Amino acid sequence: MNIFLDILLIALVIYFVYAIRRTLKMSRASVALIEKYENDKLNPQLIEDIFNAINDDALLRRILKRHNATQKDISRLHAKLMKWGDFRKYNRYVPITSFFNVHTLEYLLEHKNDDAKSLTQKMMNHFHF
């Protein structure tokens, strides 16, 4: 019984370390893009960088595949979020940060045909703006 509990504890610690590492990686990628494109928000390279960063993460890539999302979908969603959420709060910027979270990316792709205001409000509520 003790061996089982030891193995379970080790597995939980490994999972915790992996999850924290992944979260920090996504946060760093998001903040880097926010800072890089802070004064050039409409640069088409931003969409490509977001799409590439999403594809580099296993969890986010699965969401993209599940919804058959393309770079064009990301571009449309980004444009919708820019319309109502074009402001920064600390290291959060709705049109970029929304793509780097599993729950928000899932919501955006499920509701990609919704109007810009409702999508932006949902993202702002999620990030406590």
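Look up a bit, the structure's there.
This section reports on the structure supplied with the text.

Calculation notes
- All residue numbers refer to positions counted from 1 along the written sequence of the respective chain.
- For this predicted model, a pLDDT threshold of at least 70 governs which residues receive local features, and a threshold of 80 or more governs which side-chain atom pairs are given and counted, while totals over whole chains, interfaces and linings are taken from all residues.
- Side-chain measures here rest on the full set of heavy atoms in the structure, leaving out hydrogens and waters.
- Lines are fitted to the C-alpha atoms to define the axes, a helix being fitted only along its stretch in contact, and any angle between axes, read from their N-to-C directions, falls within 0 to 180 degrees.
- Helix and strand assignments follow DSSP, with helices taken as H or I runs no shorter than four residues and strands as E runs no shorter than two, numbered in order from the N terminus.
- Oblique is the label for every angle not falling under 35 degrees (roughly parallel), over 145 degrees (roughly antiparallel), or within 65 to 115 degrees (roughly perpendicular).
- In what follows, a contact means two residues having at least one pair of non-hydrogen atoms within 4.5 Å.
- When residues are grouped by polarity, Ala, Val, Leu, Ile, Met, Phe, Trp, Tyr, Cys and Pro land in nonpolar, Asp, Glu, Lys and Arg in charged, and all others, Gly among them, in polar.
- Think of a salt bridge as a Lys or Arg side-chain nitrogen and an Asp or Glu carboxyl oxygen that are within 4 Å of each other.
- Per-residue accessibility, obtained with a 1.4 Å probe over protein chains only, is compared with the maximum for each type, and a residue is labelled buried under 20%, exposed over 50%, and partly exposed between these values.
- One less than the number of residues in a helix, times 1.5 Å, gives the span that helix is expected to have.
- Here is the rule: rings of Phe, Tyr and Trp (six-membered ring for Trp) pair when centre to centre is within 6.5 Å. Planes less than 30 degrees apart are stacked, more than 60 are edge-to-face, and the remainder are tilted.
- Any Lys NZ or Arg CZ found within 6 Å of a ring centre and within 35 degrees of that ring's normal is scored as a charge over the ring.

Brief notes about the packing of helix α4 (residues 71-85) against helix α7 (residues 116-126)
Packing of α4 against α7 brings their axes to within 8 Å, and their N-to-C directions diverge by 80°. As far as their axial angle goes, α7 and α4 are roughly perpendicular. Here α4 contributes Leu77, Lys80, Leu81, Lys83, Trp84 and Gly85 to the contact with α7, which in turn contributes Ala116, Lys117, Leu119, Thr120 and Met123. Grouping the amino acids of the contact of α4 with α7 by side-chain chemistry returns 6 nonpolar, 2 polar and 3 charged.

A word on unusual backbone geometry
Phi is positive for Asn68, which is not a glycine, with a value near 50°. Summarising the element assignment, Asn68 is placed in the loop between α3 (58-66) and α4.

Some remarks on the pattern of salt bridges
Two side chains bearing opposite charge may form a pair once their charged atoms approach each other closely. Scanning the model with the defined rule gives 5 salt bridges in all. The closest approach of N and O atoms between Asp57 and Arg22, which form a salt bridge, is 3.1 Å. Here Arg22 lies in helix α1 (residues 2-36) and Asp57 lies in the loop between α2 (44-56) and α3, a separation of 35 residues in the sequence. The burial state of Asp57 is the same as that of Arg22; both residues are buried. A salt bridge links Glu106 to Arg66, with the shortest nitrogen-to-oxygen separation between them at 2.6 Å.

A few points about α4
One turn of an α-helix holds 3.6 residues; hence residues three or four places apart share an orientation. The end-to-end C-alpha distance of α4, which contains 15 residues, comes to 20 Å, matching closely the 21 Å that a straight helix rising 1.5 Å per residue would cover. Looking at the buried side of α4, the elements it contacts are α2, α3, β2 (92-93), α5 (94-97), α6 (102-110) and α7.

What about the packing of aromatic side chains?
Under the criterion given, the structure shown has 0 aromatic pairs. The ring centre of Trp84 lies 5.2 Å from the NZ or CZ of Lys117, which sits over that ring. The ring of Tyr107 carries Lys122 above its face, with NZ or CZ at 5.2 Å from the centroid.

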